[in-house]
Amino acid sequence: MAGHETHYTLPRAEFEKPVKMLIVVAPYYKDIADNLVTGAAAEIEAAGGTFEIVEVPGALEVPTAIAIADRTSNFDGYVALGCVIRGETTHYDTVCNDSSRAIQLMGLQGLCIGNGILTVENRKQAEVRADTADQNKGGGAAAAALHLIALTRKWGAQTKGIGFKAPTGAYQVAGTDNGSTSV
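Values in this document were obtained by computation on a predicted structure and should not be read as measured data.

K.L.:
Explain the pairing of strand E3 (residues 77-85) here, please?
P.N.:
Consecutive side chains along a regular strand alternate between the two faces of the sheet. Most of E3 is tucked away, with nine of its nine residues classed as buried. Of the two faces of E3, the one lined by Gly 77, Val 79, Leu 81, Cys 83 and Ile 85 and the one lined by Tyr 78, Ala 80, Gly 82 and Val 84 are each fully buried. Bridge analysis of strand E1 (residues 20-25) against E3 gives five bridges, and the strand direction is parallel. Bridge assignment links Leu 22 to a residue of E3, and that residue is Tyr 78.

Pasting the structure below:
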């Protein structure tokens, strides 16, 4: 069964300064969500971090809560948790695609997010993936966010290096200096 193959897992991210994370969970399937949170919390604590947990009604609200937190709080990263089980309608596809796309877009804008929203065909698949003694997808999502935070801290601390960086004030907008643009 493909779900039980051995995968390479990166070593746990290490930090000089502790991380502060937000776990955003949609507890629609409460027992599955609780297992995901348990795995995520254990991973964050093992890396020496702290976290807060906030619940939202469903998987579609997870990205919105992360966006609100990013605008109004000071978290280093986020863990998105929930579970979407295929039903009889196309609502499953909408929820899976839209929540994943929103999380990915925020990640591309620089947010450190581990996506642990399960998208499964049935409850049994969700139970296996959420189980901390089995696939532990909550812990995996937290680990992904922690690795992104580590990269952000590594590269964000660099003030010199390779690549073009324009000197401060080197550009003027057209029209601010008798209609010309200077470099």
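Text resumes after the structure shown.
K.L.:
Looking at this structure, I do not really get the pairing of strand E4 (residues 113-120). What am I missing?
P.N.:
With six of eight residues buried, E4 lies mostly within the body of the structure. Sheet analysis places E3 next to E4, joined by eight bridges and oriented parallel. Note on E4: the bridge partner recorded for Ala 80 is Asn 115. Following the backbone out of E3, through helix H3 (residues 91-108) and into the adjacent parallel E4, one traces a crossover that is right-handed.

K.L.:
Before we go on, may I ask you to explain the side chain of Ser 99 in this structure?
P.N.:
When you line up the elements, Ser 99 lands in helix H3. For Ser 99, the residues in contact, after removing those within four places along its chain, are Ala 59, Leu 60, Pro 63, Thr 94 and Ile 117.

K.L.:
Teacher, can you tell me more about the packing of helix H1 (residues 30-46) against helix H4 (residues 123-130) here?
P.N.:
The relative placement of two packed helices is expressed as an angle between their axes plus a distance between the axes. Viewed as axis vectors pointing N to C, H1 and H4 meet at an angle of 20°, and their least axial separation amounts to 9 Å. Classified by the interaxial angle, the pair formed by H1 and H4 is roughly parallel. In this structure, H1 crosses over H4, and the sense of that crossing is left-handed. Side by side, H1 and H4 meet where Asp 31, Ile 32, Asn 35 and Leu 36 of the first sit next to Arg 123, Ala 126, Glu 127 and Ala 130 of the second. Tallied by class, the residues present in the contact of H1 with H4 amount to four nonpolar, one polar and three charged.

K.L.:
Where do I start with H1 in this structure?
P.N.:
It helps to recall that an α-helix has 3.6 residues per turn; residues three or four apart then point in one direction. For H1, with 17 residues, the first-to-last C-alpha span of 24 Å sits near the 24 Å given by 1.5 Å per residue. Those residues of H1 that fall on the buried side of the exposure criterion are Ile 32, Ala 33, Leu 36, Val 37, Gly 39, Ala 40, Ala 41, Glu 43 and Ile 44. In this structure, the buried residues of H1 make contact with E1, strand E2 (50-55), E3, E4, H4 and helix H5 (137-156). Looking one or two places after H1, you find Gly 48, whose phi comes out positive at around 80°.

Calculation notes
- Residues numbered from 1 in each chain as written.
- Predicted model: local features only at pLDDT ≥ 70, side-chain atom pairs only at ≥ 80, totals over all residues.
- Heavy atoms only, no water.
- Buried < 20%, exposed > 50% of the residue type's maximum accessible area, 1.4 Å probe, protein only.
- Helix = DSSP H or I, 4+ residues; strand = E, 2+ residues; numbered from the N terminus.
- Pairing = 2+ DSSP bridges.
- Right-handed = clockwise from strand over helix to strand, strands pointing away.
- Contact = heavy atoms within 4.5 Å.
- Axes fitted to C-alpha atoms, helices over the stretch in contact; angles between N-to-C directions.
- Parallel < 35°, antiparallel > 145°, perpendicular 65-115°, else oblique.
- Left-handed = near helix turned anticlockwise from the far one by under 90°.
- Nonpolar A, V, L, I, M, F, W, Y, C, P; charged D, E, K, R; others polar.
- Expected span 1.5 Å × (residues − 1).

No statement about biological role is implied by the geometric values presented.
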